[in-house]
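What follows is each chain in one-letter form.
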Amino acid sequence: MKLVTRDFSAILSRSPGRISILGYSILIALGTGLLLMPISTIAGHMNFVDAMFTASSAVCVTGLTVVDTFGTFTLFGKIVILLLIQIGGIGIMVLSTVFLFSIGKKISMTGRTLIRDTYSYGDGKGVLYLVKDVLRFTFVIEFIGAVFMFSRFYAYQPIDRAVFYSIFHSVSAFCNAGFSLFPNSFTDFQNDWILNLDVCMLIILGGIGFVVLTEIKQKFSFSRRSWAYFSLHTKLVLASTLVLLVSSTVIIFLLEWPNTLKDMTLPHQILASFFQAVNARTAGFNTVQIGNLTNETLFITIILMFIGAAPGSCGGGVKVTTFSSIIILGVSRFFGQEYPHVFYRRISNESVSKAVSLIMVSLLVVILGVILLQQVEIGDVSHRYCRGRFLEMMFETVSAFGTVGLSTGITPHFSVAGKFIIIMMMFIGRLGPLVIAIAVSRQGKPRHYSYAQENIMIG
């Protein structure tokens, strides 16, 4: 028995990513079991696939649902979903580390490696310092967000429900989960400036990453030189996030003002456009009906969902630094520059290589997911008889992979096989395709030689 345990530990230690896979799998299984309990649902029962789908969506902080969260689950079930979102958002290794420290044990080298890879990008302060900041930022920001939400919900709800709704939606927003207790998400609050901006700020703060938040806390000042003290990672995350938010807000406004925004005033049109631009990359809330958006807007949203949030954050996607690195590389090569650089710094070859690999693996995963979903849901049917289905299914697939949670409304109607495909897309998107690939691959011996180089014609 000891030999089996030792061998199992050795397998995990060779690839820390396997611990993430195992941890999230156990958490999903635990959440599924709790949601299957009669006390979790109003009807007293729930089928296994829907329970597993809901648990996976909560743990992977996605927000896609196959049942109405408010009308299906009891208070106990909603609390289970809330806890799954919180644990999934913070990261199971962080909570495990805090627990180990609380009982006086040391963190293993494997645990340190995994946390550093998840919440950092290089050498910095100690792991424990970073973990404390993660927890501190999480609970303080969620508390402040809940206070602002309570000021809006208290006006028309009993105080106990207003408190729970505020906590639930604040956690869901900061963890970029997109779960809502309202049947139509925030469509009934599309003109509420305080609530909309509160949700957006929670999503943005949860999406830029804990490392960036820590660096801002340490180095930010109102002097003009404070920007120079930030690392390249922080500068790139903040600049990329700002550019994406501004550009996507303008694009959504231009595409939707004669459509879903036509009955709103100009200020509310801008607010709704900004809200959707924020949620398209990371969370899954909405103030307009996603199913009513134009094809152009849906396609732009797919691109934003694929890009996602920042590394080490609660959001998914290939990450803004990955996307920015590829863009910077392309611009540099276009102007004949050998190396990509930005903010008077050169992006390392290793970072560019990782970015290209991640983009390629992610595209492969999304393409495979779309094909499989089309096969199980449509089958061998001519496109003439299922027009529009391709875009909708691609939208749902990328939403699951990017752990966004936006939906055109077709997810609840998927078959059992289709739901399992979406579950796998959420799981892969939460942990990252490269983590999955590295974790399940065999560790071969490194080669001490390379083959001769030869050029090929490109383009």
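Keep in mind that this is a model prediction, so the values were computed, not measured.

Student: What is the right way to read the overall build of the protein chain from this model?
Tutor: A tally of helices and strands in the protein chain yields 19 helices and 2 strands. Buried residues in the protein chain amount to 51% of all 459 residues. Counting contacts in the protein chain only where the partners sit at least 6 residues apart, residues at least 24 apart contribute 70% of the total. Accessible surface, the protein chain as shown: approximately 23100 Å² in total, 66% of it carbon and sulfur.

Student: Help me understand empty space enclosed by the protein, please; the structure alone is not making it clear to me.
Tutor: Taking a probe equal in size to a water molecule and rolling it over the atoms shows the remaining empty space. Summed over all chains, the structure comprises 2 cavities of 30 Å³ or more. Within this model, the largest cavity holds a volume of roughly 70 Å³. Every element with two or more residues in the lining of the largest cavity is listed here: helix 12 (232-256), helix 13 (266-281) and helix 14 (295-307). Ranked by the residues each element gives to the lining of the largest cavity, the list is headed by helix 13, at 4 residues. For the lining of the largest cavity, a count of residues per class yields 8 nonpolar, 4 polar and 1 charged. Here the second largest cavity is characterised by a volume of approximately 50 Å³. Residue lining of the second largest cavity: Ile203, Ile204, Gly207, Ile208, Thr241, Val278, Arg281, Thr282 and Ala309, and that is the complete set.

Student: What is the right way to read the packing of aromatic side chains from this model?
Tutor: Here the distance between the centres and the angle between the planes together describe a pair of aromatic rings. The final tally for this structure, using the stated rule, is 14 aromatic pairs. On the numbers, 6.4 Å between centres and 85° between planes, the contact of Phe153 with Tyr165 is edge-to-face. With Phe153 in helix 8 (residues 127-153) and Tyr165 in helix 9 (residues 159-174), this pair connects stretches of sequence that are 12 residues apart. On the basis of relative accessibility, which here comes to 5%, the residue Tyr165 falls in the buried class. The structure contains a cluster of three or more aromatic residues connected by ring pairs, namely Phe153, Tyr156, Tyr165, Phe182, Phe186, Phe189, Phe275 and Phe285.

Student: Looking at this model, I keep getting lost on the pattern of salt bridges. Mind explaining?
Tutor: For side chains bearing opposite charge, pairing can occur when the charged atoms are close. Enumeration over the complete set of coordinates arrives at 3 salt bridges. Note that Arg152 and Asp192 form a salt bridge whose closest N and O atoms lie 3.1 Å from each other. Linking Arg152 in helix 8 with Asp192 in the loop between helix 9 and helix 10 (193-207), this pair joins segments that are 40 residues apart in sequence. Relative accessible area serves as the criterion here: at 30%, Arg152 is assigned to the partly exposed category.

Student: Can you help me understand the environment of Ser415 in this one?
Tutor: Of note, Ser415 is situated in the loop between helix 17 (389-401) and helix 18 (416-431). The spatial distance from the C-alpha of Ser415 to the C-alpha of Leu373 is 9.7 Å, given a sequence separation of 42 residues. Reaching out from Ser415, the side chain makes a polar contact with the side chain of Glu377 at a distance of 2.6 Å.

Student: What am I meant to see in a nonpolar patch on the surface here?
Tutor: Where nonpolar side chains cluster on the molecular surface, the patch consists of Val140, Phe143, Ile144, Val147, Phe148 and Ile194 and spans about 560 Å² of accessible area. Checked against the element boundaries, Val147 lands in helix 8. Taking the relative accessible area as the measure of exposure, Val147 reaches 44% and is therefore partly exposed.

Student: Help me understand the packing of helix 11 (residues 210-219) against helix 12, please; the structure alone is not making it clear to me.
Tutor: A pair of packed helices can be characterised by two numbers: the angle between their axes and the separation between those axes. The contact between helix 11 and helix 12 brings their axes to 10 Å, and the two run at 105°. By the criterion of interaxial angle, the relationship of helix 11 to helix 12 is roughly perpendicular. Of the residues in helix 12, those in contact with Val212, Glu215 and Ile216 of helix 11 are His233, Thr234, Val237 and Leu238.

Student: It is not clear to me how unusual backbone geometry should be interpreted in this structure. Could you clarify?
Tutor: Note: most peptide bonds trans; most residues except glycine with negative phi. Phi at Asn176 is positive, roughly 60°, even though this residue is not glycine. Tracing the sequence through the fold places Asn176 in the loop between helix 9 and helix 10. For Tyr344, which is not a glycine, the phi torsion comes out positive at approximately 60°. Tracing the chain through its elements places Tyr344 in the loop between strand 1 (341-342) and strand 2 (345-346).

Student: Looking at this structure, how should I read the layout of surface pockets?
Tutor: By volume, the second largest pocket is sized at about 530 Å³. Considering the residues around the second largest pocket, the lining is formed by 26 residues, among which Thr65, Pro183, Ser185, Asn286 and Ser407 are closest to the centre. Along the lines of polarity and charge, the residues of the lining of the second largest pocket split into 9 nonpolar, 16 polar and 1 charged.

Student: Which parts of the structure should I look at to understand helix 13?
Tutor: Side chains of residues three or four places apart in an α-helix project in the same direction, reflecting 3.6 residues per turn. Given a rise of 1.5 Å per residue, 16 residues ought to cover 22 Å, and the 24 Å separating the end C-alpha atoms of helix 13 matches this to within 8%. Within helix 13 the residues assigned to the buried category are His268, Gln269, Leu271, Ala272, Ser273, Phe275, Gln276, Ala277, Val278, Asn279, Ala280 and Arg281. Buried-residue contacts for helix 13 involve helix 10, helix 12, helix 14 and helix 15 (320-334).

Student: I would appreciate a short explanation of the nonpolar core in the present structure.
Tutor: The nonpolar side chains of a soluble globular protein tend to be buried with one another. One finds Ile85, Phe153, Phe186 and Val199 to be the most contacted residues of the largest nonpolar core, which totals 104 residues. Looking at this core, the element that brings in the most residues is helix 18, giving 8 residues.

Student: Before we go on, may I ask you to explain the side chain of Thr297 in this structure?
Tutor: With respect to the helices, strands and loops of the structure, Thr297 is situated in helix 14. For Thr297, the side chain forms a polar contact with the side chain of Thr294, separated by 2.8 Å. Discounting chain neighbours no more than four positions away, the residues touching Thr297 are Ile252, Leu255 and Glu256.

Cut-offs used in this document
Residues numbered from 1 in each chain as written. Predicted model: local features only at pLDDT ≥ 70, side-chain atom pairs only at ≥ 80, totals over all residues. Heavy atoms only, no water. Helix = DSSP H or I, 4+ residues; strand = E, 2+ residues; numbered from the N terminus. Buried < 20%, exposed > 50% of the residue type's maximum accessible area, 1.4 Å probe, protein only. Contact = heavy atoms within 4.5 Å. Areas by Shrake-Rupley, 256 points an atom, 1.4 Å probe, with all protein chains shown as cover. 1 Å grid on protein atoms, 1.4 Å probe; cavity = no way out; pocket = protein on both sides within 12 Å on 5 of 7 lines; lining within 4 Å. Points joined across faces, edges and corners; volume = space filled by probe spheres on them. Nonpolar A, V, L, I, M, F, W, Y, C, P; charged D, E, K, R; others polar. Phe/Tyr/Trp six-rings, centres within 6.5 Å; stacked < 30°, edge-to-face > 60°. Salt bridge = Lys/Arg side-chain N within 4 Å of Asp/Glu carboxyl O. Polar contact = N/O pair within 3.5 Å; in protein donor to acceptor, adjacent residues only side chain to side chain. Patch = residues over 30% accessible without salt bridge, like charges linked within 9 Å, V, L, I, M, F, W, Y side chains within 5 Å. Axes fitted to C-alpha atoms, helices over the stretch in contact; angles between N-to-C directions. Parallel < 35°, antiparallel > 145°, perpendicular 65-115°, else oblique. Expected span 1.5 Å × (residues − 1). Core = buried A, V, L, I, M, F, W, Y, C linked by side-chain atoms within 4.5 Å.

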